[in-house]
Amino acid sequence: MNINRRTLISAAVWMLTIITLSACGGGSDTQVTETPTPPPNNSPDSNYNGPPPATTDVQNFKLNVWDNLASADKCGACHIQNQQDPAFARFDDINEAYAITNTLVDKNAPNDSLLITKVAGGHNCWLSSLSACTDLMITWIGAWLDDNQSATSIELEAPIAREVGANKNFPSSPSLFEDTVYPILQTYCNECHTGDAAIPISPFIASSDVAEAYFASISKLNLDVPEDSRVVARVRDEFHNCWSDCASDARTLNDAVQTMSDAIEVTQLDSNLVASDAVGLFDGTLASGGGRFESNLVAKWEFKTGSGNTAFDTSGVSPALDLTLSGQYSWVGGWGINLVNGKAQGTTSNSRKLYELLTATGEFAIEAWVAPANVTQEGPARIISYSGGDDRRNFMLGQSLYNYNFLLRHGNTDANGSPALSTADADEDVQTALQHVVVNYSASGAREIFVNGESTGDIDSIEASNFNDWDDTFAFVLGSEVSGRFPFAGVIRMVAIHSRSLDSAQIQSNFDAGIGQKFYLLFGITDIIDVPQSYVVFEVSQFDSYSYLFTEPFVISLDPQNSAALDDIRLAGMRIGINGREASTGQSFARLNTAIDSATSNELSGVPLSAQGTIIPVQKGPELDEFFLTFDLLGQAQSQRVVAQAPVPAPPSDLPAQAEVGVRNFEEINASMSALTGVASNQNDVYVTYTQLRQQLPSVTALDSFLASNQMAVTQLAIKYCDALVEDTNLRAQYFPNVNFSANANNGFSEDTKAAIITPLSQRMLGSGLSSQPQSSQIYSEISALIERLSTCSASSSCSVDTTKTVVKASCAALLGSAVVTVQ
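Residues numbered from 1 in each chain as written. Predicted model: local features only at pLDDT ≥ 70, side-chain atom pairs only at ≥ 80, totals over all residues. Heavy atoms only, no water.

## Topic: the environment of Ala415
Locating Ala415 in the fold gives a position in the loop between β13 (403-408) and β14 (421-422). When its relative accessible area of 33% is taken as the criterion, Ala415 is described as partly exposed. C-alpha of Ala415 to C-alpha of Ala99: the two residues are 316 residues apart in sequence and 51 Å apart in space. Aside from chain neighbours lying at most four places away, what touches Ala415 is Asp391, Arg392, Arg393 and Arg409. (Helix = DSSP H or I, 4+ residues; strand = E, 2+ residues; numbered from the N terminus. Buried < 20%, exposed > 50% of the residue type's maximum accessible area, 1.4 Å probe, protein only. Contact = heavy atoms within 4.5 Å.)

## Remarks on helix α16 (residues 708-727)
Since the α-helix packs 3.6 residues into each turn, any two residues three or four apart lie on the same face. For α16, which comprises 20 residues, the first-to-last C-alpha distance of 29 Å matches the rise-based estimate of 28 Å (1.5 Å per residue) to within 8%. Turning to α16, its buried residues are Asn710, Ala713, Val714, Leu717, Ala718, Tyr721, Cys722, Ala724, Leu725 and Val726. For α16, the secondary structure elements touched by its buried residues are α14 (666-677), α15 (684-693), α17 (729-735), α20 (803-816) and α21 (819-822). (Expected span 1.5 Å × (residues − 1).)

## A few points about the pairing of strand β19 (residues 490-498)
Within β19, nine of the nine residues are buried, leaving the element largely enclosed by the surrounding structure. Bridge analysis of strand β6 (residues 297-301) against β19 gives four bridges, and the strand direction is antiparallel. Bridge pairing in β19 places Lys300 opposite Ala496. As paired elements, strand β10 (residues 364-372) and β19 share eight bridges and run antiparallel to each other. Note on β19: the bridge partner recorded for Ala371 is Val491. (Pairing = 2+ DSSP bridges.)

## Section: unusual backbone geometry
A cis amide bond links Gly379 with the next residue in sequence, Pro380, at an omega value of -5°. The residue Pro380 is located in the loop between β10 and β11 (381-389) in this model. The phi angle at Asn452 is positive, at roughly 55°, despite the residue not being glycine. Asn452 sits in the partly exposed class, given a relative accessible area of 27%.

## With respect to the packing of α16 against α20
At their nearest, the axes of α16 and α20 sit 8 Å apart, and the two run at 140° to each other. By the angle between their directions, the pair α16 and α20 is classed as oblique. With respect to the hand of their crossing, α16 and α20 are arranged in right-handed fashion. Contacts between α16 and α20 involve Ala718, Ile719, Tyr721, Cys722, Asp723, Leu725, Val726 and Glu727 on the former and, on the latter, Lys805, Val808, Lys809, Cys812, Ala813 and Leu816. Residue composition of the contact of α16 with α20, by class: 10 nonpolar, no polar and four charged. (Axes fitted to C-alpha atoms, helices over the stretch in contact; angles between N-to-C directions. Parallel < 35°, antiparallel > 145°, perpendicular 65-115°, else oblique. Left-handed = near helix turned anticlockwise from the far one by under 90°. Nonpolar A, V, L, I, M, F, W, Y, C, P; charged D, E, K, R; others polar.)

Structure (structure tokens):
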């Protein structure tokens, strides 16, 4: 092989640069080390006075990279002229800094740039989160290399081929854990790592519920290498909560995990199965972010940290609007936060950047990936808010039942941003699933809401205007109002603020890009079909703390010359395996039966197999779980799968006879009460009560399914309808023409007054001509006795002026909420 002199010189310079940069702060590329306190840097961080940028690219470098890194709290403390090489943060000549930085950046693979990998390895991170520092470096360098911030392409990288290994898997029962590791955790960790601790700290590995403690501990235990278990390393290496001597305590935990591991048999892959190579989640090619449009991004939270109480703004736009988490919250695996009664709030000073950047453009877009916990939240519940109180804000995205609400303060709305733009009730756009939500405001097109890439079609009736009335003292908050009221319950996976509205194509692109930490996992099948560098590829992400999402598999050869060789290969019965055995659930591709045809290649030059996805449960955790694929048929290879015999069905048994009567369901009860009282079902107070009680009302008509809780909901709804009836002077005059509601109840209720109350109720609610119904005389006696009990105040002349109305309401509710109405 011929190597010329110029190549040798370039290699030597590059190696010298790496050695020099590695020397700063000490330690290896993969070890987080303490960086010595740097000498003071007196460079003017924001007032550069050197020669002007020689080219547009140098100017872009200065704006996007140098201006962010040259400050004394980042790289400007060391890497400046006459102090420490490489001097990429030098402040005497931006053109020199540009030339040096070019040697540290890989423009073909920016994420592999030395500037990024050094920070990712722990070198001089200026924040408490290493991932946040890394993301900011990626953002700044990416903005320089691609000034338009267009979508980046993704290049698949072949993993190191390895066979499916023998694995130890956690048993479904916690009994072995209970006898080995659990006693230590419960004894020494129960002051913090339990749900009922004074300050509960997740994970709840010491919970009094052994099942909860077991499932919380699984991702912290390593059955294959017990000394690598997180619970062991936490005590041994980080000196966390040692109860005597840390080394001794770590050995105690290690021995307990080893004992548990020794009692678990190794799982070997069935030799009769045709299987791919094995890969781990982090062996894949990172797929997150490809295709996103972020040209006008001003703030972004991806919740990658996974611990602590800070959600970092990684938009790269200063000042960083970092959010402090408080209340009831937890981090979600695969990036995200789960809010129950908590919030994430920024300071008013840092929130001011939203005021400055959005009022400057007069338009903006809010983008979020959210998964509401339920569809009963009202208020509306605050998902995203930029406000100064419960009724003062610049903007807000909220949830009311099945509706998204967008409030925005401008020249034609009030200080609360009302009237709101809300999605239509009938559309039920809010669902308890992960949703991509975008709210747009443009000076010409007004407000618009998009859900999962599609416009909801709701028309903003308020004419667009300016933001002259915005308040720059408000705070940005996620999950509740700044006061802590109107909390949102659910998961927030990502939030972004754009200083321009997004068009429909950009919204669709960001929706298609997805969310969270995603990888392309390449399962090698070269040895099976004899096509070099051939793989079945899945897009895989950690869907939440308990599961992985496998989607849209395709076949590819990374050698372009072999693409045609993939034609006419039969593939049938593909299953996903984890830790040495096929997953017991989530086998959506088991019925796949197709012939590979390279003419149907996708954007990654692969041959699509399916547009479906599936969920596979987490077992050991994303760092340890090992995946593989099996095939009933792939090319000429066929699995020898033993098909289990179907169990003999049990002889059918005679069911008891079904009742001839049933109960009305929730809609029928609501409609009946409206018809019997004359109160419209859409009247505000009645409608609110109904929506609150709807899930508690009967959902099926079977009489044996009717519960006490159903009756409580029926009673509450009846009371609300009767209250609305009596409080409406016109309606009650028509319904009870002979009742004097202004009469003094201290004189008691005469028989004529009782009849004036009971007779209209009986005539309306008992009906007539039915084959089976209660006796009207019995109904009359029961309601009459009720009136007597409610009017005992007349004996002491202590009845209030509202007693008559109260008695009529109670009599109405007693009959309206009874079996007279509910049974059919």
